[in-house]
Amino acid sequence: MPNCTTLIRSVLVADGSGRSPEIADVALDHGRIVSIGNLRDWNAQNTFDGDGKVLAPGFIDVHTHDDTSVVRTPEMLPKLSQGVTTVVVGNCGISAAPVQLRGEPPDPMNLLGEAGAFRYPTFAAYVEAIAAARPAVNVAALVGHTALRSNHMDRLDRSATDAEIQAMRGQLQEALNHGAAGLSTGLAYLSAFSASTEEVMGLAEPLAAAGAIYTTHMRSETETILQAMDEAVRIGKHARVPVLISHLKCAGIANWGRSAEVLGWLDQARQSQSIGCDCYPYAAGSSTLDLRQVDERVKIQITWSKAHPEKAGQTLAQIAEAWGVQQIEAARRLQPAGAIYHSIAEDDMQAILRHPGTMIGSDGLPNDPLPHPRLWGTFPRVLGRYCREQHLFPLGEAVRKMTSLPAQQFGLVDRGWIREGYYADLVLFDPATVRDVATFDDPVRLSEGIEAVWVNGSLSYRNQTATHHRAGRFLPRKHLASRQ
Ligand code: ZN
Ligand code: CU
């Protein structure tokens, strides 16, 4: 009789291909999937009865700000509890490495933590820290453009000089040599808004040879979104690399209803170039409090404030009223601060979520005391609210968006599918009950219906609790992984 460590019997296998789930037995051994099929005569140390449950590849959260969390809180419960087995850190131009701070981290690097959290002057040091911390989930990492700017520039309200671009490129190259997935920008933020397109093009040049990618929180997600998409595409063309548009949305009331136009533009561009995007399944965004986004017609919840911590949890309208000032003045007084902006139309969000090129990224903010509920709810919300209840896509397609598509985009070797020989990153969930529980008023809540999660073959989450077998690893991008 063949032996294995773990056998999951008679389970609906959603293999990542997009096809409807089919019943099979799945055997795991030595961290890998060793057999799929009718395994009735197999022996196993641990057996799971799959009846009525779905087994999928572990979800890949392609858009996170977990850079310092994977080291400081390696249990990674917000993600593990959703069935996430890999996080991509370093998005939106901000990364924990390589960083040498002179003083406080500039906005929005402060989303990753206070100055003391930035301890990795090189990317290699960050990779070592992940190995030492042994997080519960795997980690792939981008290098942030804004992080590099802050390492080499005396001020961030201008474009970098040629010499500064060269210095940034040196650091990017070091990171690529150690397995970084690519470069991210956050051109909408004031810390990078003054960077010219040419600055980013120059910096992005080493990506192609490394097989890495370019991801961007675009210069605009409001009225000028098409110009911003055009800029992203031009940077990708110049550098000859795939482009991923981060948290694609039509933000701001003046921009509502434009998702068809934006997706049409994207489809057009996708005919000649590799372009993808990620999206979180909520009609509200969250970041630091940006004065340019204050609009009296939009509900803005304050999640934290350095100047007025007691105002966290209130809306900007309530705070402005209490102070007897305009919202813009209240926002100034709260700085630095964090906010949730209810500035997206549900229909637009759904159209983007449904698009076949769209992956799921939580964009969760783990250091926020009152985080946007996407931190704890994103993946079960896609499966429960948008797949089961609203029929936005079939289950197989929902799983594909969260597994094989991101594994392929980020060059994650032997992950993202249930296939013999692939790593046993797996999630077992109940398709009838899986749902997000976290809300805007009560955001730190475990999701329901996630029955078990395996990371590299280790059972890591079961019965709504982490098992404390932390088996995550740093995942170098494909080029490098295949050379090892
Ligand atoms: Zn962003
Ligand atoms: Cu982000």
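Please read these numbers as outputs of a predicted model, since none were measured by experiment. (Residues numbered from 1 in each chain as written. Chains lettered and ligands numbered in written order. Predicted model: local features only at pLDDT ≥ 70, side-chain atom pairs only at ≥ 80, totals over all residues. Heavy atoms only, no water.)

**Details of the environment of Pro-57**
Phase 1: Following the sequence through the fold, Pro-57 ends up in strand β5 (residues 54-57).
Phase 2: Residue classification places Pro-57 among the buried residues on the basis of a relative accessible area of 1%.
Phase 3: The spacing of Pro-57 and Gly-364 is 307 residues in sequence and 21 Å in space, taken between C-alpha atoms.
Phase 4: Other than its neighbours up to four places away in sequence, Pro-57 contacts Ala-14, Asp-15, Gly-16, Val-399, Thr-403, Gly-416, Trp-417, Ile-418, Asp-425, Leu-426 and Val-427. (Helix = DSSP H or I, 4+ residues; strand = E, 2+ residues; numbered from the N terminus. Buried < 20%, exposed > 50% of the residue type's maximum accessible area, 1.4 Å probe, protein only. Contact = heavy atoms within 4.5 Å.)

**A look at the nonpolar core**
Phase 1: Core analysis: the biggest nonpolar cluster contains 95 residues, and Phe-59, Tyr-126, Leu-207, Tyr-214, Ile-245, Leu-248 and Phe-429 have the highest contact counts within it.
Phase 2: With 8 residues, helix α9 (residues 225-239) is the largest single contributor of residues to this core.
Phase 3: Looking at this core, you find at least three residues from each of domain 1 (3-55 + 417-433 + 442-466) and domain 2 (59-286 + 342-409).
Phase 4: In this view, Phe-429 contacts Lys-53, Val-54, Ala-56, Phe-59, Leu-383, Leu-395, Val-434, Gly-449, Ile-450 and Glu-451; residues no more than four positions away in its chain are not counted.
Phase 5: Counting 16 residues, the second largest nonpolar core, distinct from the first, contains Val-13, Val-26, Tyr-422 and Trp-454. (Core = buried A, V, L, I, M, F, W, Y, C linked by side-chain atoms within 4.5 Å. Domains from an automatic or database assignment.)

**Describing the domain arrangement of the protein**
Phase 1: Taken domain by domain, the protein comprises domain 1 (3-55 + 417-433 + 442-466), domain 2 (59-286 + 342-409) and domain 3 (287-341).
Phase 2: When each unit is reduced to the centre of its C-alpha atoms, the spacing between domain 1 and domain 2 is 28 Å.
Phase 3: Contacts between the two partners involve 28 residues from domain 1 and, on the opposite side, 25 residues from domain 2.
Phase 4: With both sides pooled, the region where domain 1 packs onto domain 2 buries about 2,100 Å², and carbon together with sulfur makes up 69% of that total.
Phase 5: Between the two partners, domain 1 and domain 2, sit 0 salt bridges.
Phase 6: On the surface where domain 1 and domain 2 come into contact, there are 6 residue pairs in polar contact (both at pLDDT 80 or more).
Phase 7: Taken together, the elements giving at least two residues each to the side of domain 1 that touches domain 2 come down to β17 (426-429), β18 (450-455) and β19 (458-462).
Phase 8: The element best represented in the side of domain 1 that touches domain 2 is β18, accounting for 4 residues.
Phase 9: For the side of domain 1 that touches domain 2, the residue count by class is 18 nonpolar, 7 polar and 3 charged. (Buried area = accessible area lost by both parts, 1.4 Å probe. Salt bridge = Lys/Arg side-chain N within 4 Å of Asp/Glu carboxyl O. Polar contact = N/O pair within 3.5 Å; in protein donor to acceptor, adjacent residues only side chain to side chain. Nonpolar A, V, L, I, M, F, W, Y, C, P; charged D, E, K, R; others polar.)

**Looking at the coordination of the zinc ion (ligand 1)**
Phase 1: The coordination sphere of the zinc ion (ligand 1), as far as protein atoms go, consists of Cys-92 (SG), His-217 (ND1) and His-247 (NE2), spread over 2.0 to 2.2 Å.
Phase 2: Each donor residue of the zinc ion (ligand 1) belongs to the same chain, and together they define the spacing C-x124-H-x29-H.
Phase 3: For the pair the zinc ion (ligand 1) and the copper ion (ligand 2), the metal-to-metal distance amounts to 3.0 Å, and Cys-92 bridges them. Of this pair, Cys-92 sits in the loop between β7 (84-89) and α3 (123-133) while His-247 sits in the loop between β11 (243-245) and α10 (259-270), and the two are 155 residues apart along the sequence. (Donors = N, O, S within 2.8 Å, 3.2 Å for Na, K, Ca; no water.)

**Overview of the packing of helix α5 (residues 162-177) against helix α7 (residues 197-204)**
Each pair of packed helices gets described by two things: the angle between the helix axes and the distance between those axes.
Phase 1: Contact pair α5 / α7: the axes reach a minimum separation of 9 Å and the direction vectors enclose 40°. In terms of axis orientation, α5 runs oblique to α7. Between α5 and α7 lies a crossing of right-handed hand. Seen from α5, the contacting residues are Ile-165, Met-168, Arg-169 and Leu-172; seen from α7, they are Glu-199, Gly-202 and Leu-203.
Phase 2: For the contact of α5 with α7, a count of residues per class yields 4 nonpolar, 1 polar and 2 charged. (Axes fitted to C-alpha atoms, helices over the stretch in contact; angles between N-to-C directions. Parallel < 35°, antiparallel > 145°, perpendicular 65-115°, else oblique. Left-handed = near helix turned anticlockwise from the far one by under 90°.)

**Some details on α9**
Phase 1: For α9, built from 15 residues, the straight-helix expectation of 21 Å at 1.5 Å per residue is met to within 8% by its first-to-last C-alpha distance of 21 Å.
Phase 2: If you follow the buried residues of α9, they end up packed against α7, α8 (207-210), β10 (213-217), β11, α10 and β12 (275-279).
Phase 3: One or two residues past the end of α9 sits Arg-240, with phi positive at roughly 60°. (Expected span 1.5 Å × (residues − 1).)

**A look at the coordination of the copper ion (ligand 2)**
Phase 1: On the protein side, the copper ion (ligand 2) has His-63 (NE2), His-65 (NE2), Cys-92 (SG) and Asp-363 (OD) as donor atoms, found 2.1 to 2.3 Å from it.
Phase 2: When the donors of the copper ion (ligand 2) are listed by position in the chain, the intervening gaps give H-x1-H-x26-C-x270-D.

**Here we look at the side chain of Asn-456**
Phase 1: For Asn-456, the position within the fold is in the loop between β18 and β19.
Phase 2: Looking at Asn-456, the relative accessible area reads 6%, which means it is buried.
Phase 3: Polar side-chain contacts of Asn-456 include one of 2.9 Å to the side chain of Arg-415.
Phase 4: In this view, Asn-456 contacts Gly-31, Asn-138, Arg-415, Tyr-423, Ala-424, Asp-425, Ala-471, Gly-472 and Arg-473; residues no more than four positions away in its chain are not counted.

**Focus on the pairing of strand β8 (residues 138-144)**
Phase 1: With 7 of its 7 residues buried, β8 lies for the most part within the structure.
Phase 2: Residues Asn-138, Ala-140, Leu-142 and Gly-144 of β8 are buried on one face, and the alternating residues Val-139, Ala-141 and Val-143, pointing to the opposite face, are buried as well.
Phase 3: Of the strand pairs in this sheet, β7 and β8 are connected by 4 bridges, and their pairing is parallel. Each residue of the ladder has a partner; that of Val-89, found in β8, is Ala-141. (Pairing = 2+ DSSP bridges.)

**Re the sheet that holds strand β9 (residues 182-186)**
Hydrogen bonds between backbone groups are what pair the strands of a sheet, and the pairing can be parallel or antiparallel.
Phase 1: Read across the sheet, 8 strands follow the order β6-β7-β8-β9-β10-β11-β12-β16 without closing on themselves; strand pairing throughout is parallel. Of all the strands in the sheet, the pair left with one neighbour each is β6 (59-61) and β16 (358-360). Strand-to-strand twist in this sheet, taken as the mean axis angle between neighbours without regard to direction, amounts to 30°.
Phase 2: Looking at chain direction, β11 and β12 are connected through 3 bridges and run parallel. Bridge assignment links Leu-244 to a residue of β12, and that residue is Gly-276.
Phase 3: Against the sheet, helix α14 (residues 374-389) contacts β6, β7 and β16, and its axis sits at roughly 125° relative to β6.

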